[in-house]
Amino acid sequence: MSNANSSGLYSLATLIKRLEAAASRFEDVAGFFDPSTGLSRRESSQQAKAPIQQASTSHIPPGQPATLPPRPAAPTVSASAVQEVPKSVTTFQEKVIDAKVKPFIEFTKNFAGPNVVEISALVQKQYEILGDFLKLAGSCRKPEEKVLESLLGPFLKSIEAISRAKEANRRDRDWFSHLTIISEGAPIIGWVINPKPAQFVIDIKDTVVYYGNRVKQEYKDKNPKHVEWVNLYVGVFDAMQAYIKEYHTTGLVWNPK
């Protein structure tokens, strides 16, 4: 087993400590940005308040009936004016969540014990949080540090929730190894603050594989479904690594516009 990249884990641990105070302020800044404009909602609101021009009335000669002016044609919106969802966002949804996370969650529901099913729901929520954050990054400029820390509050909460779920079920000897595997993989979402995100994911994956191999060794002859379960979870990390290499090689990319 290779240990997680020391600088990457240190950065994540440092951020987690700093976010303990910032997480409670998340609700105050969650609506800070308008994804459709990339500006703050206040700025977007001000831009939307365009002055309304009053139509001038023309003189109507005596004896002629008054007629209403023709209704103006509806304004046309050019294709370039409609903001498209960034390719990086749709790819994450398709190749990571739809192709890997959802099959893992469904397999877990039909196979694992109740404590593992419960913690897998937290995994699903974790990737939804990551997906929402990637949508934000794809639609606006990088915010200032304090706002960014607050926006990352849900990341901290999701990692803590998974860790607590594992610790609360230490007596579940049949499934505790599986809980450990998921818990070791929870910090993967920290790649968004790491300057070498692909390597960070590889290092977290190595730890998951280490514990996963223990489960595979124990159950390969007794129940191959345990082996399949481990492989499905590891597949999430492989998909994440490939996604990062394609879109965020040197760190999370924000919309520069």
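Predicted model only: the values in this text are computed from it and were never measured.

Caption draft 1: Seen up close, the overall build of the protein. For the protein, the helix and strand inventory stands at 10 helices and two strands. If you list the helices and strands of the protein from N to C, you get α-α-β-β-α-α-α-α-α-α-α-α. Within the protein, buried positions represent 44% of all 257 residues. Contacts in the protein between residues at least 24 apart in sequence constitute 78% of all its contacts with a sequence separation of at least 6. Approximately 15,500 Å² of the protein is accessible, and the part contributed by carbon and sulfur atoms is 53%.

Caption draft 2: Looking closely at empty space enclosed by the protein. This model, assessed by the stated rule, comprises two cavities of 30 Å³ or more. In this structure, the second largest cavity occupies an estimated 30 Å³ of space. Elements with a contribution of two residues or more to the lining of the second largest cavity: helix 4 (87-111) and helix 5 (114-139). Among the residues forming the lining of the second largest cavity, the class breakdown is five nonpolar, three polar and no charged.

Caption draft 3: How the structure looks around the packing of aromatic side chains. Inspection of the entire model under this criterion finds 12 aromatic pairs. Each ring, one from F107 and one from F111, has its centre 5.4 Å from the other, and the planes form 40°; the classification is tilted. Linking F107 with F111, this pair stays in helix 4, spanning four residues, or about one helical turn. Across the pair, exposure class does not vary: F107 and F111 are buried alike. Positioned over the ring face of Y219 is K222, at 4.9 Å from the centre of the ring.

Caption draft 4: Helix 9 (residues 197-219), seen in detail. Relative to the 33 Å expected for 23 residues at 1.5 Å per residue, helix 9 spans 32 Å between its end C-alpha atoms, a close match to the ideal helical length. Of all the residues in helix 9, the buried ones are P197, A198, F200, V201, D203, I204, K205, T207, V208, G212, V215 and Y219.

Caption draft 5: Structural view of the pattern of salt bridges. Taken as a whole and assessed by the stated rule, the structure comprises six salt bridges. In this structure, E167 engages K166 in a salt bridge whose closest nitrogen and oxygen atoms are separated by 3.6 Å. In this structure, D238 and K205 form a salt bridge, with 2.6 Å as the shortest nitrogen-oxygen distance. Taken as a pair, D238 in helix 10 (residues 224-247) and K205 in helix 9 lie far apart in primary sequence, 33 residues in all. By relative accessible area, which is 35% here, D238 ends up partly exposed. Through salt bridges with shared partners, a single network forms among K166, E167 and R170.

Caption draft 6: How the structure looks around the side chain of H248. Locating H248 in the fold gives a position in the segment after helix 10. Classification of H248 by relative accessible area gives buried; the value is 3%.

Caption draft 7: Layout of the environment of S88. Secondary-structure assignment places S88 in helix 4. On the basis of relative accessible area, S88 is assigned to the buried category, the value being 15%. Residues S88 and H248, spaced 160 residues apart in sequence, show a C-alpha to C-alpha distance of 8.9 Å. Once you skip the residues sitting within four places of it in the chain, S88 turns out to touch Y243, Y247 and H248.

Caption draft 8: Structural context of the packing of helix 7 (residues 153-167) against helix 8 (residues 176-185). It is the contact of helix 7 with helix 8, at a shortest axis distance of 9 Å, that shows an interaxial angle of 165°. Judged by the inter-axis angle, helix 7 sits roughly antiparallel to helix 8. Here the hand of the crossing between helix 7 and helix 8 comes out left-handed. Judged by residue contacts, I162, S163 and K166 of helix 7 engage F176, L179, T180, I182 and S183 from helix 8. For the contact of helix 7 with helix 8, the per-class residue count stands at four nonpolar, three polar and one charged.

Rules of the game
- Residues numbered from 1 in each chain as written.
- Predicted model: local features only at pLDDT ≥ 70, side-chain atom pairs only at ≥ 80, totals over all residues.
- Heavy atoms only, no water.
- Helix = DSSP H or I, 4+ residues; strand = E, 2+ residues; numbered from the N terminus.
- Buried < 20%, exposed > 50% of the residue type's maximum accessible area, 1.4 Å probe, protein only.
- Contact = heavy atoms within 4.5 Å.
- Areas by Shrake-Rupley, 256 points an atom, 1.4 Å probe, with all protein chains shown as cover.
- 1 Å grid on protein atoms, 1.4 Å probe; cavity = no way out; pocket = protein on both sides within 12 Å on 5 of 7 lines; lining within 4 Å.
- Points joined across faces, edges and corners; volume = space filled by probe spheres on them.
- Nonpolar A, V, L, I, M, F, W, Y, C, P; charged D, E, K, R; others polar.
- Phe/Tyr/Trp six-rings, centres within 6.5 Å; stacked < 30°, edge-to-face > 60°.
- Lys NZ or Arg CZ within 6 Å of the ring centre and 35° of its normal.
- Expected span 1.5 Å × (residues − 1).
- Salt bridge = Lys/Arg side-chain N within 4 Å of Asp/Glu carboxyl O.
- Axes fitted to C-alpha atoms, helices over the stretch in contact; angles between N-to-C directions.
- Parallel < 35°, antiparallel > 145°, perpendicular 65-115°, else oblique.
- Left-handed = near helix turned anticlockwise from the far one by under 90°.

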